[in-house]
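If you want the building blocks of each chain, they are given just below.
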Amino acid sequence: METFKKITVETTVQAPVETVWKLWTEPVHITKWNTASDDWHTPFAENDLREGGKFVSRMEAKDGSFGFDLGGIYDEVKLHEVIAYTLGDGRKVKITFKGHENETEVIESFDAETTNPIELQQQGWQAILDNFKKYAEQTKI
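Residues numbered from 1 in each chain as written. Predicted model: local features only at pLDDT ≥ 70, side-chain atom pairs only at ≥ 80, totals over all residues. Heavy atoms only, no water.

## Re the sheet that holds strand 3 (residues 54–61)
Thinking step 1. Reading across from one edge, 1-7-6-5-4-3-2 is the order of the seven strands in this open sheet, with antiparallel pairing throughout. The sheet terminates laterally at strand 1 (6–13) and strand 2 (40–47), the two strands that pair on one side only. On average, adjacent strands in this sheet sit at an angle of 20 degrees to one another, irrespective of strand direction.
Thinking step 2. Judged from the six bridges that link them, strand 4 (residues 67–78) and strand 5 (residues 82–87) form a sheet pairing that is antiparallel. Among the inter-strand pairings, lysine 78 is bridged to a residue of strand 5, identified as valine 82.
Thinking step 3. Across the sheet, helix 1 (residues 17–25) lies against strand 1, strand 2, strand 4, strand 5, strand 6 (92–100) and strand 7 (103–111), angled at about 150 degrees from strand 6, the strand it touches most.
Thinking step 4. Contacts from helix 3 (residues 118–138) reach strand 1, strand 3, strand 5, strand 6 and strand 7 within the one sheet, and its direction differs from that of strand 1 by about 20 degrees. (Pairing = 2+ DSSP bridges. Helix = DSSP H or I, 4+ residues; strand = E, 2+ residues; numbered from the N terminus. Axes fitted to C-alpha atoms, helices over the stretch in contact; angles between N-to-C directions. Contact = heavy atoms within 4.5 Å.)

Okay, here's the thing in structure tokens:
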């Protein structure tokens, strides 16, 4: 079995954990924040949020030059606390939500893939997390 290097990205969102969880997990919201840059978008997301449930997000360059599906199966789901899953290529991801009154710390640890440099992967996942923070703090639900 291959051993992957772990990468961690994190942010603190100025919103209660219940709101952060909803924006993170509902496909109608995922399609609005799940990008690393403005020239990309997520036109489609599906999410069966339960242990053994599957998810997929379609990520595409807005100019149509490139796109891919990112998906996997949930290993653990603890409401407002933890989401852990295995990606299609076998890599593991764990997201921890720590609510403190009107703010939520989101910590995402994932196995690095072996194609791109570690720094590039960390920057990409952090950019998506930063985009989520911006979306979550601007969205009233």
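So, next bit.
## What to know about the pairing of strand 5
Thinking step 1. Counting buried residues in strand 5 gives six out of six residues, a clear majority hidden from the surface.
Thinking step 2. Going residue by residue along strand 5, you find Val82, Ala84 and Thr86 tucked away on one face and Ile83, Tyr85 and Leu87 tucked away on the opposite face as well.
Thinking step 3. Between strand 4 and strand 5, which pair antiparallel one after the other, the connecting turn spans three residues, and histidine 80 there sits at a positive phi close to 65 degrees.
Thinking step 4. Taken together, the five bridges between strand 5 and strand 6 define a ladder with antiparallel strand orientation. Along strand 6, the bridge assignment pairs valine 82 with threonine 96.
Thinking step 5. Taking the residues between adjacent antiparallel strands as the criterion, strand 5 and strand 6 are bridged by four residues, where glycine 90 takes a positive phi near 95 degrees. (Buried < 20%, exposed > 50% of the residue type's maximum accessible area, 1.4 Å probe, protein only.)

## Thoughts on the packing of helix 1 against helix 3
Thinking step 1. Packing of helix 1 against helix 3 brings their axes to within 11 Å, and their N-to-C directions diverge by 120 degrees. Classified by the angle their axes make, helix 1 and helix 3 are oblique. The handedness of the crossing between helix 1 and helix 3 comes out as right-handed. Where helix 1 abuts helix 3, its residues Val20, Leu23 and Trp24 lie against Leu129, Phe132, Tyr135 and Ala136.
Thinking step 2. Looking at the contact of helix 1 with helix 3 residue by residue, the class counts come to seven nonpolar, no polar and no charged. (Parallel < 35°, antiparallel > 145°, perpendicular 65-115°, else oblique. Left-handed = near helix turned anticlockwise from the far one by under 90°. Nonpolar A, V, L, I, M, F, W, Y, C, P; charged D, E, K, R; others polar.)

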